[in-house]
Amino acid sequence: MGPHPAVAAIRLAVRRVLHDVLTDVQRTDAQRADLRRPEAQRTPELTPARPGHPHPPREQATSPLVLVACSGGADSMALASALAFEAPKLGIRAGGVTVDHGLQDGSDLRAAEVVSRLTALGLDPIESVAVDVGRDGGPEAAARDARYGALDSVAERHGAAAILLGHTRDDQAETVLLGLARGSGIRSLSGMAAVSGGPGADRRYRRPFLHIDRQTARKACMVQSLPVWDDPHNTDPAYTRSRLRHEGLPALEKALGKGVVEALARTAQLSRDDADALDHWAAQAEASVRDAAGLLECAKLYALPPAVRRRIVRRAAIEAGAPAGALFARHLEEVDRLITGWRGQGAINLPGKVVAQRQGGRLVIRQGC
């Protein structure tokens, strides 16, 4: 008899992601080998391995390492168990990392327990990293920034090919609703990407469970007798996401019926596809709206669709030094009026001491004084 359906679901999700990681590693290795050859002997195009066809196991010294970020909760423990089961079959080394945010009494002891549980699953290497959580952006954003900073450092130190994160379909639905409440636009509505990056590694983070609900992950832990820890912050109404999880989403399901979470997760994927297409369009169009000196020409920007134009403006602001996380829709709307509603208005101050102004039919975005 096969594994419980919940266990089978999480293992399949992880297996698919590990195949993708191996394909990326194989492609990178082939590209590096190709660059070492004389130019005339280089391969014009590299063909990745076909999904569903396991790569032969590598020797331990060259096997890629995949880490799981584990808090000890049901989602990440289910993920760790699936990684421990699937990785050896594909010749992948599996390790783990837990981050101690230091926000609760006994957090160091909790981190030690997680290390013990990951060790029992057979993961190696395993690290526990303590971080100092700042205040920028609020407690949730500050904790997230500290966590990802620690994960990036561990990945760099061990040369990990990927880090798996346990975000579920429910987490995705919550993220979409938070983006909707902020009025942040289609990119925010696209939620979390299945694949995202860290410094110098644009495909470092993988989220295998974005199509799996939270209850499936918890059920997988229960049937495998995996102990889990329920973070009290997840039920603390002081946190926005906690209120949304325990009050907002249940209210929506009561008013609209079941299926809200699935619909929101589907919206995230559709929004991401649209946002990616618009980003690609903007990247291609940018060269055509710059003059010989590289300045943005307002007349040419005006001719573009607003969604494309504002993406070009946003990229220019970030290149000038505006922090991406602090650059909001209202900032871009003000700059856009320099292009579409020019009445001689003055410079617009943007985050990061960046200034945008219209000069001689050009949009100039630069560092201010």
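Residues numbered from 1 in each chain as written. Predicted model: local features only at pLDDT ≥ 70, side-chain atom pairs only at ≥ 80, totals over all residues. Heavy atoms only, no water.

> What is the right way to read the overall build of the protein from this model?
Secondary structure assignment for the protein yields twelve helices and ten strands. Its C-alpha atoms put the protein at 70 × 65 × 40 Å along the principal axes. Within the protein, the fraction of its 369 residues that count as buried is 44%. Carbon and sulfur atoms provide 53% of the accessible area of the protein, an area that totals close to 19500 Å². Between the mean site of the 49 positive side-chain charges and the mean site of the 43 negative ones, the protein shows a separation of 4 Å. (Helix = DSSP H or I, 4+ residues; strand = E, 2+ residues; numbered from the N terminus. Buried < 20%, exposed > 50% of the residue type's maximum accessible area, 1.4 Å probe, protein only. Areas by Shrake-Rupley, 256 points an atom, 1.4 Å probe, with all protein chains shown as cover. Lys, Arg positive; Asp, Glu negative; His and termini not counted. Charge placed at Lys NZ, Arg CZ, Asp CG, Glu CD.)

> What should I look at first to understand the pattern of salt bridges in this one?
Side chains that differ in sign of charge can pair as their charged atoms come close. Per the stated rule, a full pass over the model turns up 29 salt bridges. For Arg 206, the salt bridge identified is with Asp 24, shortest N-O distance 2.7 Å. Of this pair, Arg 206 sits in strand S6 (residues 201-206) while Asp 24 sits in helix H1 (residues 5-35), and the two are 182 residues apart along the sequence. Among the residues examined, Arg 206 registers a relative accessible area of 3% and is labelled buried. Among the ionic contacts, a cluster of salt bridges with common partners joins Asp 171, Glu 174, Arg 214, Arg 241 and Arg 245. (Salt bridge = Lys/Arg side-chain N within 4 Å of Asp/Glu carboxyl O.)

> Looking at this model, I keep getting lost on unusual backbone geometry. Mind explaining?
Negative phi is the rule for most residues except glycine; trans is the rule for most peptide bonds. Residue Pro 125 is bonded to the preceding Asp 124 through a cis peptide linkage, with omega at 5°. Here Pro 125 lies in the loop between helix H3 (107-120) and strand S3 (126-130). The phi torsion at Ser 225 lies on the positive side, around 55°, for a residue other than glycine. Along the chain, the position of Ser 225 falls in the loop between helix H7 (214-223) and helix H8 (240-256). Even without a glycine there, the phi angle at Lys 353 is positive, about 60°. Within the secondary structure layout, Lys 353 lies in the loop between strand S8 (348-350) and strand S9 (354-359).

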